[in-house]
Amino acid sequence: MANINLEETLKLITDLVSIPSPSGNTNEVITFVEKFLAELRLKTSRNRKGGLIATIEGKDSSKHRMLTAHVDTLGAMVKEVKSNGRLKIDLIGGFKYNSIEGEYCQIETSSGKKITGTILMHQTSVHVYKDAGKAERNQDNMEVRIDEKVHTAEEVRALGIEVGDFVSFDPRVEVTPGGYIKSRHLDDKASVAILLQLIKQIQTENIHLPYTTHFLISNNEEIGYGGNSNITPETVEYLAVDMGAMGDGQSTDEYTVSICVKDASGPYHYQLRKNLVRLALENKIDYKLDIYPFYGSDASAAIRSGHDIVHGLIGPGIDSSHAFERTHQSSIENTARLLNKYVQSELVL
C-alpha cells in the first residue's frame, strides 16, 4: 500500500469533528460516513443501535477480523429549563464540568431546530459574585446561556427547547502550520478518519486482504456499549482504534502510535500486542507501549459481553483527552501505517 494521504486525512478529521454527534444522537455523522463509503462502492449496513458496518471480503472467509472506531462524542442533555431562562444540563460521557466551562454549544430540539449558547458558571461575573473563582464546577452551578431573548422557562419552551434535547460542544478545530491538529472530539474521530482512509486505500489500490475484514463505526462507545455486538462467529481478532491517553507517568505522546497493553478492563491480548510491536519494528513505525489507568474501549466491551476473540487497542496519542484535545500529524501517520501492515498480516491464532 502507498503511504497515507495526510492532507485528505486531516481534511476528513476536520469534517468529522465539525458534525455534532454526542452519544445518542449520531445519525448525521453516521450518514456522512455512509456516503463516504458508498462513493467507494462499498456496501454498508446499520445495526439497530445505529452503528455502521462495512465488510471487505478476504482470501480466507473462514476466519475474520474486525476493526472499530467510534463517531460518538462527549456531550450533554437538557436536564432542566430554569426559571431564569437558562438551562441545567446532564453530562453524556466521562468528563468533568470544568472542561466545558466557557464553551460555545448547540442545543438541538426534538423538531431539529438548532439554537446556540454558551456553557457558563452561574456565578461567572467577578463584579457580582465574590466566590466566582471558588464555586464548585458542578451541575447546580453551571448552566447554558441561550443566544435568544429569553428570561423565563416559558420563553425558552416557546423556542421548542425541552428536557432531553441534546447539547453538543463547538469543536473549535484548527490545523496548525507545525502539523498539530487541535479540537474537541479527536477522541475518536481522528481514528475514524484513519480507518476511512485505510478502506479507501484498500478499495482504490485493489488490495486483496488475507482475511475477510469488517469495519465497525460504532456510535455508543462513550457510554460503554458501542462495539460489543455484530461480531461474526468467524471473527478471531478484534482491534479497537481509539485514542492513546497522555499524562503524567504515560509513555504515549503526540507523535507515535500508542499500543495499549492494559487499561481499566485488564491486559489486552499478549500475542496480538506482540504482533503489533513486531509489525512496527519491521516497518520502522514509531510506537509507544502504554497502560491507560482509567479507560475502556469497544474491544474491552466486546470481551465483557462474552465474545471469544483476540482483542487489541491502538491509536494516535491525544493530549488533554476528554477536554480540548490535540495531536500531531506524525501520530496520525504512524497509526495509519501500522493499520496498513496489520490488515495484511497473518492472524496470531
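What you see is a predicted model; the values in this text were computed from it and never measured.

A.B. asks: Outline the pattern of salt bridges, supporting the account with residue identities and numerical values.
C.D. replies: Side-chain pairs of opposite charge can arise where the charged atoms are in close proximity. If you walk through the whole model with that rule in mind, you get 16 salt bridges. One salt bridge connects Lys82 with Glu143, and the closest N-O pair in it is separated by 2.8 Å. Of this pair, Lys82 sits in the loop between strand S4 (75-81) and strand S5 (87-92) while Glu143 sits in strand S8 (residues 142-146), and the two are 61 residues apart along the sequence. The exposure class of Lys82 is buried, given its relative accessible area of 13%. Each of Glu80, Lys88 and Asp140 takes part in salt bridges that share partners, so that together they form one network.

A.B. asks: I'd like a rundown of the packing of helix H1 (residues 6-17) against helix H4 (residues 186-204), residues and numbers included.
C.D. replies: Relative to each other, H1 and H4 sit at 135 degrees, their axes nearing to 9 Å. As far as their axial angle goes, H4 and H1 are oblique. In the crossing of H1 with H4, the sense of the turn from one axis to the other is right-handed. On H4, the residues that touch Glu8, Thr9, Leu12, Ile13, Leu16 and Val17 of H1 are Leu186, Lys189, Ala190, Val192, Ala193, Ile194, Leu196, Gln197 and Lys200. Residue composition of the contact of H1 with H4, by class: 10 nonpolar, 2 polar and 3 charged.

A.B. asks: Before we move on, could you go through the sheet that holds strand S10 (residues 174-175) and cite the residues and values that matter?
C.D. replies: Across the sheet, which stays open at both edges, the 3 strands sit in the order S10-S11-S19 with antiparallel pairing between neighbours. Whereas interior strands pair on both sides, the edge strands pair on one side only; in this sheet they are S10 and strand S19 (325-328). Across 4 bridges, the pairing between strand S11 (residues 180-183) and S19 is antiparallel. Across the sheet, the residue bridging to Ile181 is Thr327, located in S19. The sheet contacts of H1 involve S10 and S11, and relative to S11 the element is tilted by about 5 degrees.

A.B. asks: Go over the side chain of Asn334, please, and point to the residues and values.
C.D. replies: Tracing the chain through its elements places Asn334 in helix H7 (residues 329-342). Asn334 sits in the buried class, given a relative accessible area of 7%. Here the side chain of Asn334 touches Tyr255 through a polar contact of 2.9 Å, landing on its backbone oxygen. Excluding anything up to four places from it in sequence, Asn334 contacts Tyr255, Thr256, Val257, Ile285 and Asp286.

A.B. asks: Please set out the packing of aromatic side chains residue by residue, giving values where relevant.
C.D. replies: Across all of its chains, the model carries 3 aromatic pairs by this definition. Between Tyr180 and Tyr255 the ring centres are 6.2 Å apart and the planes differ by 70 degrees, which places this aromatic pair in the edge-to-face class. Taken as a pair, Tyr180 in strand S11 and Tyr255 in the loop between strand S14 (244-245) and strand S15 (257-263) lie far apart in primary sequence, 75 residues in all. Tyr255 gets classed as partly exposed once you look at its relative accessible area, which sits at 34%.

A.B. asks: Please give an account of the environment of Met66 that cites residues and values.
C.D. replies: Inspection of the secondary structure puts Met66 in strand S3 (residues 60-70). With 57 residues separating them along the chain, Met66 and Gln123 place their C-alpha atoms 48 Å apart. Contact partners of Met66, with chain neighbours within four places excluded, come to His214, Leu216, Asn230, Ile231, Thr235, Glu237, Tyr238 and Leu239.

The rules behind the values
Residues numbered from 1 in each chain as written. Predicted model: local features only at pLDDT ≥ 70, side-chain atom pairs only at ≥ 80, totals over all residues. Heavy atoms only, no water. Salt bridge = Lys/Arg side-chain N within 4 Å of Asp/Glu carboxyl O. Helix = DSSP H or I, 4+ residues; strand = E, 2+ residues; numbered from the N terminus. Buried < 20%, exposed > 50% of the residue type's maximum accessible area, 1.4 Å probe, protein only. Axes fitted to C-alpha atoms, helices over the stretch in contact; angles between N-to-C directions. Parallel < 35°, antiparallel > 145°, perpendicular 65-115°, else oblique. Left-handed = near helix turned anticlockwise from the far one by under 90°. Contact = heavy atoms within 4.5 Å. Nonpolar A, V, L, I, M, F, W, Y, C, P; charged D, E, K, R; others polar. Pairing = 2+ DSSP bridges. Polar contact = N/O pair within 3.5 Å; in protein donor to acceptor, adjacent residues only side chain to side chain. Phe/Tyr/Trp six-rings, centres within 6.5 Å; stacked < 30°, edge-to-face > 60°.

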